[in-house]
Amino acid sequence: MALHHLMSMEDLCAEEMLTILDTARSFREILDRPIKKVPALRGVTVCNAFYEPSTRTRVSFELAEKRMSADAVNFSVSGSSVSKGETLRDTIQNIEAMKVDIVVIRHWASGVPQFLARHIKARVINAGDGQHEHPTQALLDLYTIREHRGRIAGLKVAIVGDITHSRVAKSNIIGLRRLGAEVRVVAPWTLLPAEIGRLGVQVTTDLKTGIEGADVIYLLRLQFERQRGGYLPSQREYAMTFGLDRERAAWGAPDALIMHPGPMNRGVEIQPDIADGPQSVILDQVANGVAVRMAVLYLISGGTPPEAVGMTPVLSAPHPAGR
Ligand code: CP
């Protein structure tokens with residue numbers, strides 16, 4: 001599998017997604033060992049450039065890099081020369097001049113990872129760009145569903161909430177559909193994007209219709225920082241109409257998985273007893289995120305999918321091409 005950059009789930013066919021998930025399964029085992037470190041990325045330098053706040057994605061990329069013996073450096077806007085007016089392109093080209101092989105980029109603007117990939121030689125991984133995509137989140141979600149259900153194909157997955165502003169929803173819709181799931185989206189009309197009819201999903205504004213019999217109920221955060229007013233009468237109104245509580249969760253399949261990408265607005269899109277209850281796999285998503293990001297970094301660095309050569313992935317990957 002030749003993975004040069006990871007920009008979008010759109011760029012991955014079903015077979016490539018499954019290769020990443022299978023590679024992640026090999027790495028997941030390493031994370032349960034007493035010594036959680038392998039030399040797979042020794043000699044590879046990764047810069048985590050975060051232009052937007054992050055807890056899960058940033059920490060898990062950094063852990064994934066350290067677990068694989070890469071040299072990881074972190075760049076964030078606060079405390080950098082961005083505050084002196086330096087452009088994104090200049091900033092990243094300066095970082096690249098220090099011989100960085102891979103840039104992991106999170107940015108508030110859609111399309112920034114693609115822009116960077118056109119202007120630098122380092123490989124680029126999209127860690128979430130604006131309202132566009134969050135491919136490693138979708139891959140860790142697919143991994144988590146497959147781990148719990150053994151498959152993706154044929155499952156009914158309901159994605160509930162702020163679809164318009166959600167890069168997570170867009171990446172998940174692409175991944176789930178390519179792997180054969182039936183995807184329903186549930187939201188007030190104001191939080192459904194105009195292009196929803198072209199995404200190949202079932203659409204409803206009625207929570208019960210949307211989650212009835214669902215194998216997975218995937219809740220999205222209301223993205224107050226991206227909403228510019230007028231979408232909802234109030235948070236309370238949203239919680240009363242679309243928030244998942246115990247009674248509503250029972251509309252799904254009896255053992256439905258409850259998922260959320262985080263951070264959660266407890267008491268708005270999800271009640272605490274559901275977030276912390278037996279059907280919730282929210283912390284599994286976070287744990288699996290490290291293994292999935294290890295797999296993406298490994299494959300982008302030229303590593304061979306472990307199953308292809310019948311090994312556990314502890315050998316060094318070739319260095320990224322040309323570096
Ligand atoms: N799911 C997710 O992207 O979380 P962070 O914003 O904390 O990285």
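Residues numbered from 1 in each chain as written. Predicted model: local features only at pLDDT ≥ 70, side-chain atom pairs only at ≥ 80, totals over all residues. Heavy atoms only, no water.

I tried to follow the side chain of Arg 123 on my own but got confused; where do I start?
Topologically, Arg 123 is positioned in strand β4 (residues 123–129). Of the side chains with opposite charge, Asp 101 lies nearest to the buried Arg 123, which makes no salt bridge, at 8.3 Å. (Helix = DSSP H or I, 4+ residues; strand = E, 2+ residues; numbered from the N terminus. Buried < 20%, exposed > 50% of the residue type's maximum accessible area, 1.4 Å probe, protein only. Lys, Arg positive; Asp, Glu negative; His and termini not counted. Salt bridge = Lys/Arg side-chain N within 4 Å of Asp/Glu carboxyl O.)

I would appreciate a short explanation of the packing of helix α1 (residues 14–31) against helix α5 (residues 135–149) in the present structure.
Relative placement of two packed helices is described by the angle separating their axes and the distance separating the axes. Relative orientation of the contacting elements α1 and α5 amounts to 70°, with a least axis distance of 10 Å. Between α1 and α5, the angle is such that the two are roughly perpendicular. Touching Met 17, Leu 18, Ile 20, Leu 21, Asp 22, Ala 24, Arg 25 and Arg 28 of α1 are Leu 139, Leu 142, Tyr 143 and Arg 146, all from α5. For the contact of α1 with α5, a count of residues per class yields eight nonpolar, no polar and four charged. (Axes fitted to C-alpha atoms, helices over the stretch in contact; angles between N-to-C directions. Parallel < 35°, antiparallel > 145°, perpendicular 65-115°, else oblique. Contact = heavy atoms within 4.5 Å. Nonpolar A, V, L, I, M, F, W, Y, C, P; charged D, E, K, R; others polar.)

Honestly, the sheet that holds β4 in this entry has me stumped. Any pointers?
Each strand in a sheet pairs with another by means of backbone hydrogen bonds, the pair being arranged parallel or else antiparallel. Sheet architecture is open: four strands sit in the order β2-β1-β3-β4, paired in parallel fashion. Strands at the two margins of the open sheet, each flanked by one partner only, are β2 (71–76) and β4. Averaged over all adjacent pairs, the angle separating strand axes in this sheet is 15°, with direction ignored. Sheet topology note: the strand β1 (residues 45–50)/β2 ladder contains six bridges and is parallel. Note on β2: the bridge partner recorded for Asn 48 is Asn 74. (Pairing = 2+ DSSP bridges.)

Where do I start with the pairing of strand β3 (residues 102–107) in this structure?
Extensive coverage of β3 is indicated by the burial of six of its six residues. Alternating residues of β3 divide into Ile 102, Val 104 and Arg 106 and Val 103, Ile 105 and His 107, and every residue in both groups is buried. Pairing between β1 and β3: five bridges, direction parallel. If you follow Phe 50 over to β3, its bridge partner there is Arg 106. In the sheet, β3 pairs with β4 via five bridges, with the strands oriented parallel. The partner of Val 104 across the bridge, within β4, is Ile 125.

What exactly am I supposed to notice about the site of the ligand here?
As a matter of local geometry, the ligand sits amid Ser 54, Thr 55, Arg 56, Thr 57, Arg 106, His 134, Gln 137, Pro 261 and Gly 262. Between Arg 106 and the ligand, the recorded distance is 2.8 Å, taken from a side-chain N or O atom to an oxygen atom. For the ligand, an oxygen atom lies 2.9 Å from a polar atom in the side chain of His 134. In this structure the site holding the ligand corresponds to the largest pocket. Of the residues assigned to the shell around the ligand, the class counts are one nonpolar, six polar and two charged. (Near = heavy atom within 4 Å. Polar contact = N/O pair within 3.5 Å; in protein donor to acceptor, adjacent residues only side chain to side chain. 1 Å grid on protein atoms, 1.4 Å probe; cavity = no way out; pocket = protein on both sides within 12 Å on 5 of 7 lines; lining within 4 Å. Sits in = over half its atoms within 2 Å of the grid points.)

Whenever I open this one, the side chain of Lys 170 confuses me. Can you help?
Mapped onto the fold, Lys 170 is located in helix α6 (residues 167–178). Here Lys 170 sits buried without a salt bridge, and the closest side chain of opposite charge, Glu 195, lies 5.1 Å off (N-O distance). Look past the residues within four positions of Lys 170 in its chain and what remains in contact with it is Gln 131, His 132, Ile 163, Thr 164, His 165 and Glu 195.

Please explain the pattern of salt bridges as it appears in this structure.
Side chains that differ in sign of charge can pair as their charged atoms come close. Scanning the entire structure with this criterion turns up 11 salt bridges. Note that Arg 33 is salt-bridged to Glu 29, the shortest N-O span being 3.1 Å. Here Asp 255 makes a salt bridge to Arg 149, at a shortest N to O gap of 3.7 Å. One end of the pair, Asp 255, is in the loop between α9 (246–249) and β9 (257–259); the other, Arg 149, is in helix α5, and 106 residues separate them in sequence. Judged by its relative accessible area of 46%, Asp 255 is partly exposed. Among the residues examined, Arg 149 registers a relative accessible area of 26% and is labelled partly exposed. Connected via shared salt-bridge partners are Asp 22, Arg 25 and Arg 146.

What is the right way to read the layout of surface pockets from this model?
To find leftover empty space, a probe the size of one water molecule is rolled over the atoms. A volume near 390 Å³ is recorded for the largest pocket. Lining the largest pocket are 20 residues; nearest its centre among them are Arg 106, Arg 167, Arg 221, Gly 262 and Pro 263. Looking at the lining of the largest pocket, the elements that each hand over two or more residues are α2 (56–67) and α6. Of the residues contributing to the lining of the largest pocket, the split by class is five nonpolar, eight polar and seven charged. Of the pockets and cavities examined, the second largest pocket occupies roughly 160 Å³. (Points joined across faces, edges and corners; volume = space filled by probe spheres on them.)

The values are spatial; any link to function lies outside them.
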